[in-house]
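Next come the chains, spelled out residue by residue.
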Amino acid sequence: MTTAAEVTMLIEAARAAARNAHAPYSRFAVGAALLMRDGTLVTGANFENASYGLSLCAETVAIATASAQGRLRQIVAIGVIGGAMDSGGQATGDTPVSPCGRCRQVINEAAQMAGIDLPVHCGAAQGDAVRTYRLSELLPDAFGPADLGIG
């Protein structure tokens, strides 16, 4: 289970990552942070592309980074924030943002490979609002590696 201090750390790291979002089209910055088994963090920010379908979500960037480091099975929790960008490029808003459907599927891949029902901490870009879910609540009856005999 994620401690209150770890949730705070995840949300703050996600906010810091969102400052690096490349979102000139939607003007909606998203940051994600993964808590690894050893207590370290891996972060990601959304990266949009002029060819919209090639854009990458923050959660996907963070999970792909963990995988590239050989740490896919070490993820124990995820934090995500997002909000409309102000004129300085900072995410704004006091409503927690949750992962999109595509990201829920990508998170499921990591969760099944790690063998845990990952806690997903959804925070607001500003303020203290955080909603916590288990991945199984966000993506019930998910299809993943276990359905293919992998895991």
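Keep in mind it's a predicted model, so treat the numbers as computed, not measured.

Caption draft 1: Highlighting the side chain of Asn108. Here Asn108 shows up in helix H3 (residues 101–114). Setting aside chain neighbours within four positions, we find Asn108 in contact with Leu135, Leu139, Ala142, Phe143 and Gly144.

Caption draft 2: Geometry of unusual backbone geometry. Positive phi is not limited to glycine here, since Arg27 has a value of about 55 degrees. Relative accessible area serves as the criterion here: at 34%, Arg27 is assigned to the partly exposed category.

Caption draft 3: Spatial organisation of the side chain of Arg104. Note on placement: Arg104 falls in helix H3. In this structure Arg104 is buried but unpaired, with Glu59 as the nearest side chain of opposite charge at 7.8 Å. When neighbours within four sequence positions are excluded, Arg104 is seen to be in contact with Ser98, Pro99, Leu135, Leu138 and Leu139.

Caption draft 4: Looking closely at the sheet that holds strand E3 (residues 75–84). A sheet is described by the order of its strands in space; here five strands give the open sequence E2-E1-E3-E4-E5, paired in mixed fashion. Two strands in the sheet have a free side with no partner beyond their single neighbour: strand E2 (41–45) and strand E5 (130–134). Across the sheet, the axes of successive neighbouring strands diverge by a mean angle of 20 degrees, strand direction being ignored. Pairing geometry for E3 and strand E4 (residues 119–124), over five bridges, is parallel. Bridging from a neighbouring strand, Ile78 pairs with Val120 of E4. Relative to strand E1 (residues 28–36), helix H2 (residues 58–68) is tilted by about 35 degrees, and along the sheet it contacts E1, E2 and E3.

Definitions and cut-offs
- Residues numbered from 1 in each chain as written.
- Predicted model: local features only at pLDDT ≥ 70, side-chain atom pairs only at ≥ 80, totals over all residues.
- Heavy atoms only, no water.
- Helix = DSSP H or I, 4+ residues; strand = E, 2+ residues; numbered from the N terminus.
- Contact = heavy atoms within 4.5 Å.
- Buried < 20%, exposed > 50% of the residue type's maximum accessible area, 1.4 Å probe, protein only.
- Lys, Arg positive; Asp, Glu negative; His and termini not counted.
- Salt bridge = Lys/Arg side-chain N within 4 Å of Asp/Glu carboxyl O.
- Pairing = 2+ DSSP bridges.
- Axes fitted to C-alpha atoms, helices over the stretch in contact; angles between N-to-C directions.

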